[in-house]
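If you want the building blocks of each chain, they are given just below.
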Amino acid sequence: MTTVHPDAGASPYSSPDTEFVPPLADIAAAPVAAPSAPPTAPAPLPSSSELPPLPPMGGTDPSGAPGAPAAPRSGIRRLWRGSAADAAWVRPSLIALLVATAALYLWDLGASGWANSFYAAAVQAGSESWKAFLFGSSDAANFITVDKPPASLWPMEISARIFGLSSWSMLVPQALMGVASVGLLYLAVRRVSGATAGLVAGAVLALTPVAALMFRFNNPDALLVLLLTGAAYATVRATDAASRKWLVLTGVLVGFAFLTKSLQAVYLIAAPTTLRRRLVDLVLAGVAMIASFGWWVALVELWPASSRPYIGGSQTNSVIELIMGYNGLGRITGDETGSVTPGGTGTGGAWGATGWDRLFNASYGGQIAWLVPAALVLGLAVLVVTWRAPRTDRLRASAILWLGWLLLTGLTISFAQGIIHEYYTVALAPAIGALVAIGGATLWRLRDNAAARITLALTVAGSSVWAAVLLSRSADWYPALRYVVGGARTVGGDAAPGDLRPLSPAEGAVVAAAGTDLAWLDLPQADVYRVE
């Protein structure tokens, strides 16, 4: 099998800018007052205290009240119908979402062949040698490692040891990580905004084009997204009840993902406990984070260099240099000693032009940017609604969590001058899905307020225009579709400010899904099923 450096050739796929920010102020006409009374000002967006209450776990749809307590369920009935607090449609809908996601990611999976041969060679090596498994070697003889920590290889190598080395045994674990990510995102969003919002968030993640690619490929990004989503769910659980064990789990997952500490900051802001307890818990989470990846770094550094493989991507055979340089700040600054090509600049370079609009250009836009404007607007709307809420308000904490994820990761990708590929944007997909679902559900529950209706309507209409722009970049693929999609969503946007009757949970789910512009419309552009 030929070993090829992952950054030496083309990205795993190739794909052939305007920003929309609707106003958040209430522009509805003020009511007509009696002649003797002064005119009243337009009402602003309501506060979070005006939101209809959700049941403890969001078991019923936000548009309806929780029903009377039911007898506990057990066995197969609980598996199919969920807990007694759940509405009858909740668990079957979740199962349908997960089954559909699995079908999407597993269908014709072997068409990708060995996917990225650089990592496929490492999987082959790890399936034959436990030493190669431990270090992430590119070859069973343990001459050199891949240029990443080996955690992403371990599930594929274990699968190859159990079922034998093949394209399917290597890629099925990646697809299952995608299904698990969708399930975890559902759980994280459901705790805050209800089951319908959780289903919408999961569907957005599952159908995002770049996710549909990377969960069918053998790059490290599948495990990265799974760990990030798991860390976000653990953060939500920790913040809800000031839970130390969940916060420590967050640190462990973030440590394995080799990512920043941004998730734990939400706990510091919103956990319902004293500042001292919050600070102590964060220290413990930091220790857990360092320990979760530090054991492997220490093992590699302390192992005699003469009896282990050379650390690929480093210049001094040091994994610390690899983490801090080539795979760390070097990706931001473009100063990557030993890089296969020079970095990008503000005006262009080997990895493309940098800037705030990078995510919306022809290379990146069709893969991730369908709902980025909507996610930003709806996330900010939640912050406006919860502006005067208590410090421990979990809706605001959730908005901060997902907005922080989206902004931090998005800005890093936008301005990184080192080695970067379009598929790195898969790390944004969970945050986009969560913000669209939580923000949409919040404004929908406040639809009696004109400002909420107008914000939601303009977001839908603006996303329609942006979808037409993205579809126009694939002019040869069903060209009439851009007008159909744009027209359908514009009709929905025009209808939203008007008088609306309360919808049933099923109708609400349909409306929410229709308004989120399911990004699978761009899948053929990425040719995700036959990647070379």
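Residues numbered from 1 in each chain as written. Predicted model: local features only at pLDDT ≥ 70, side-chain atom pairs only at ≥ 80, totals over all residues. Heavy atoms only, no water.

## A closer look at the overall build of the protein
(1) Moving on: When helices and strands are counted, the protein shows 21 helices and 0 strands.
(2) Moving on: A buried classification covers 53% of the 532 residues belonging to the protein.
(3) Moving on: Surface accessibility of the protein: about 22,200 Å² in total, with carbon and sulfur atoms responsible for 68%. (Helix = DSSP H or I, 4+ residues; strand = E, 2+ residues; numbered from the N terminus. Buried < 20%, exposed > 50% of the residue type's maximum accessible area, 1.4 Å probe, protein only. Areas by Shrake-Rupley, 256 points an atom, 1.4 Å probe, with all protein chains shown as cover.)

## Let's talk about the nonpolar core
(1) Moving on: Ranked by internal contacts, the top residues of the largest apolar core, which has 115 residues, are Val-189, Trp-402, Leu-406 and Ile-432.
(2) Moving on: Ranked by the residues each element gives to this core, the list is headed by helix H9 (residues 221-241), at 12 residues.
(3) Moving on: Every residue in contact with Ile-432, bar those within four places of it in the chain, is listed here: Ile-368, Leu-371, Val-372, Ala-375 and Leu-406.
(4) Moving on: Counting 8 residues, the second largest nonpolar core, distinct from the first, contains Leu-378, Ala-381, Val-385 and Leu-446. (Core = buried A, V, L, I, M, F, W, Y, C linked by side-chain atoms within 4.5 Å. Contact = heavy atoms within 4.5 Å.)

## Description of the pattern of salt bridges
(1) Moving on: A complete count under the given rule lists 3 salt bridges for this structure.
(2) Moving on: Across the pair Asp-240 and Arg-191 runs a salt bridge, and its minimum N-O distance is 3.1 Å. Note that Asp-240 is positioned in helix H9 and Arg-191 in helix H6 (residues 167-193), a separation of 49 residues in sequence.
(3) Moving on: Take Arg-191: its relative accessible area is 12%, and that puts it in the buried class.
(4) Moving on: When salt bridges that share partners are traced, they join Arg-191, Asp-240 and Arg-394 into one network. (Salt bridge = Lys/Arg side-chain N within 4 Å of Asp/Glu carboxyl O.)

## Details of a nonpolar patch on the surface
(1) Moving on: A cluster of nonpolar residues, Trp-356, Leu-407, Leu-411 and Phe-415, forms a patch on the protein surface that exposes about 430 Å² of accessible area.
(2) Moving on: Within the element layout of this structure, Leu-407 appears in helix H16 (residues 394-415).
(3) Moving on: Classification of Leu-407 by relative accessible area gives partly exposed; the value is 43%. (Patch = residues over 30% accessible without salt bridge, like charges linked within 9 Å, V, L, I, M, F, W, Y side chains within 5 Å.)

## Examining the environment of Tyr-119
(1) Moving on: Within the secondary structure, Tyr-119 is located in helix H3 (residues 117-128).
(2) Moving on: Relative accessible area serves as the criterion here: at 2%, Tyr-119 is assigned to the buried category.

## Focus: the packing of aromatic side chains
(1) Moving on: Enumeration over the complete set of coordinates arrives at 11 aromatic pairs.
(2) Moving on: A ring pair is formed by Phe-133 and Trp-154, whose centres lie 5.6 Å apart and whose planes are at 15°; its orientation type is stacked. Placement of Phe-133 in helix H4 (residues 130-135) and of Trp-154 in helix H5 (residues 154-163) is noted, with a sequence separation of 21 residues between them.
(3) Moving on: Given the relative accessible area of 13%, Phe-133 is considered buried.
(4) Moving on: Trp-154 sits in the buried class, given a relative accessible area of 17%.
(5) Moving on: Between Phe-360 and Trp-466, the ring centres sit 5.8 Å apart and the planes meet at 65°, which makes this aromatic pair edge-to-face. In this pair, Phe-360 sits in the loop between helix H13 (319-333) and helix H14 (365-368) while Trp-466 sits in helix H18 (residues 450-472), placing the two residues 106 residues apart along the sequence.
(6) Moving on: Residue Phe-360 is classed as buried on the basis of its relative accessible area of 7%.
(7) Moving on: Three or more aromatic residues joined by ring pairs make a cluster, and in this case those are Trp-130, Phe-133, Trp-154 and Trp-295.
(8) Moving on: One Lys or Arg, Arg-161, reaches over the ring of Trp-130 and ends 3.6 Å from the middle of that ring. (Phe/Tyr/Trp six-rings, centres within 6.5 Å; stacked < 30°, edge-to-face > 60°. Lys NZ or Arg CZ within 6 Å of the ring centre and 35° of its normal.)

## Some points on helix H7 (residues 195-207)
(1) Moving on: When the terminal C-alpha atoms of H7 are compared, their 18 Å separation across 13 residues agrees well with the 18 Å that a helix rising 1.5 Å per residue should span.
(2) Moving on: Within H7, 12 of the 13 residues are buried, leaving the element largely enclosed by the surrounding structure.
(3) Moving on: Residues of H7 that are buried include every one of Ala-195, Thr-196, Ala-197, Gly-198, Leu-199, Val-200, Ala-201, Gly-202, Ala-203, Val-204, Leu-205 and Ala-206, and no others. (Expected span 1.5 Å × (residues − 1).)

## Focus on the environment of Ala-285
(1) Moving on: With respect to the helices and strands, Ala-285 occurs in helix H12 (residues 275-302).
(2) Moving on: The exposure class assigned to Ala-285 is buried, which follows from its relative accessible area of 0%.
(3) Moving on: Sequence-wise, Ala-285 and Arg-244 are 41 residues apart; in three dimensions their C-alpha atoms are separated by 8.2 Å.

## As for the confidence of the model for the protein
(1) Moving on: In this model, the protein carries a mean pLDDT of 76, and residues with pLDDT of at least 70 account for 69%.
(2) Moving on: Low pLDDT (under 50) marks residues 1-42, which in the prediction has 95 contacts with non-local residues, meaning those over four places away or in another chain.
(3) Moving on: Scored below 50 in pLDDT, residues 259-264 makes 23 contacts in the model with residues more than four places away or belonging to other chains. (pLDDT = per-residue confidence, 0-100.)

## Points about the packing of helix H15 (residues 372-385) against H18
(1) Moving on: Two numbers describe how H15 lies on H18: the axes approach to 9 Å, and their chain directions differ by 165°. By the criterion of interaxial angle, the relationship of H15 to H18 is roughly antiparallel. Handedness of the crossing formed by H15 with H18: right-handed. Between H15 and H18, the residues in contact are Pro-373, Ala-374, Val-377, Leu-378 and Ala-381 and Thr-455, Leu-456, Thr-459, Ser-463 and Trp-466, respectively.
(2) Moving on: Residues of the contact of H15 with H18, tallied by class, amount to 7 nonpolar, 3 polar and no charged. (Axes fitted to C-alpha atoms, helices over the stretch in contact; angles between N-to-C directions. Parallel < 35°, antiparallel > 145°, perpendicular 65-115°, else oblique. Left-handed = near helix turned anticlockwise from the far one by under 90°. Nonpolar A, V, L, I, M, F, W, Y, C, P; charged D, E, K, R; others polar.)

## Description of the environment of Arg-190
(1) Moving on: By the secondary structure assignment, Arg-190 is in helix H6.
(2) Moving on: For the pair Arg-190 and Ala-437, spaced 247 residues apart in the sequence, the C-alpha separation amounts to 9.6 Å.

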